[in-house]
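Structure at a glance
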Amino acid sequence: MIYVLNGPNLRRLGTREPDVYGAETFADLIALCQATGRELGVEVEVRQTDDEATMIGWIHEAADGKIPVVLNPAAFTHYSYGLRDAIAQRTAPLVEVHISNPAAREEFRHNSVVAGVATGTIAGFGLRSYVLALHAIMEMASK
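In short, a report on the structure. Here the residue numbers are simple positions, counted from 1 along each chain's written sequence. Local features in this predicted model are restricted to residues of pLDDT 70 or higher, and side-chain atom pairs are both shown and tallied only at a pLDDT of 80 or more, whereas totals for entire chains, interfaces and linings draw on every residue. Note that the side-chain values use all heavy atoms of the structure and ignore hydrogens as well as water.

Structural notes on the pairing of strand β4 (residues 94-98)
Regular strands have side chains that alternate between both faces of the sheet. Rules: Working definition: with a 1.4 Å probe on protein chains only, accessible area under 20% of the residue-type maximum means buried, over 50% means exposed, and in between means partly exposed. Under the DSSP-based scheme used, a helix requires at least four consecutive residues in state H or I and a strand at least two consecutive residues in state E, with every element numbered from the N terminus. Two strands form a pair only when DSSP identifies at least two bridges running between them.
With respect to burial, β4 is a largely interior element, five of its five residues being buried. Side-chain alternation along β4 places L94, E96 and H98 on one buried face and V95 and V97 on a second face that is also buried. Of the strand pairs in this sheet, strand β3 (residues 69-72) and β4 are connected by three bridges, and their pairing is parallel. Bridge assignment links L71 to a residue of β4, and that residue is E96.

Given below as structure tokens:
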């Protein structure tokens, strides 16, 4: 099992700033992650919340269950020290992903408070960032 957790506004993919995030929808993201999971032989559960407390609860759940996580923290990336502290308790790989490249966007997006406690970060490849993260987690698990 791998959790794919998504933060604020990601359920609005396809309508939210398509020039930045593309025309693919959240349903497309779910289908892509689940298809990638099938190819890799692992169950993938995709979740999204706009609520910081819910996200922290999911990270605790993953830590307690030793479940790897692909995390797009969205806006939480830049300010959520609570989420950062929850991720620091992880017991399995956690890969931070971003659809766009935050370093190429507005200056406030350049800082990630979660990157320092993630296993790694993949950004700027559209929804393919999730595919790359799922492959990376499976590669880590096989070592």
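Brief notes about the sheet that holds strand β5 (residues 120-123)
Under the convention used in this document: The axes used here are C-alpha line fits, helices contributing only the stretch in contact, and every angle between their N-to-C directions lies in the interval 0 to 180 degrees. The contact criterion used throughout is that any non-hydrogen atoms of two residues lie within 4.5 Å.
Overall, parallel pairing links the five strands, which are arranged β2-β1-β3-β4-β5 in an open sheet. A strand with exactly one partner marks an edge of an open sheet, and here the two such strands are β2 (44-48) and β5. Going across the sheet, the axis of each strand differs from the next one's by a mean of 20 degrees, ignoring polarity. Inspection of the sheet shows strand β1 (residues 2-6) paired to β3 by four bridges, in the parallel sense. Note that in β3 the partner of V4 across the bridge is V70. Most of the contacts of helix α3 (residues 52-65) go to β1, to which it runs at about 165 degrees, and overall it touches β1, β2, β3 and β4.

A look at unusual backbone geometry
Although it is not a glycine, N9 adopts a positive phi angle of roughly 75 degrees. With respect to the helices and strands, the residue N9 is situated in the loop between β1 and α1 (18-21). Here the phi dihedral of K66 falls at roughly 55 degrees; this positive angle occurs in a residue that is not glycine. In this fold, K66 is placed in the loop between α3 and β3.

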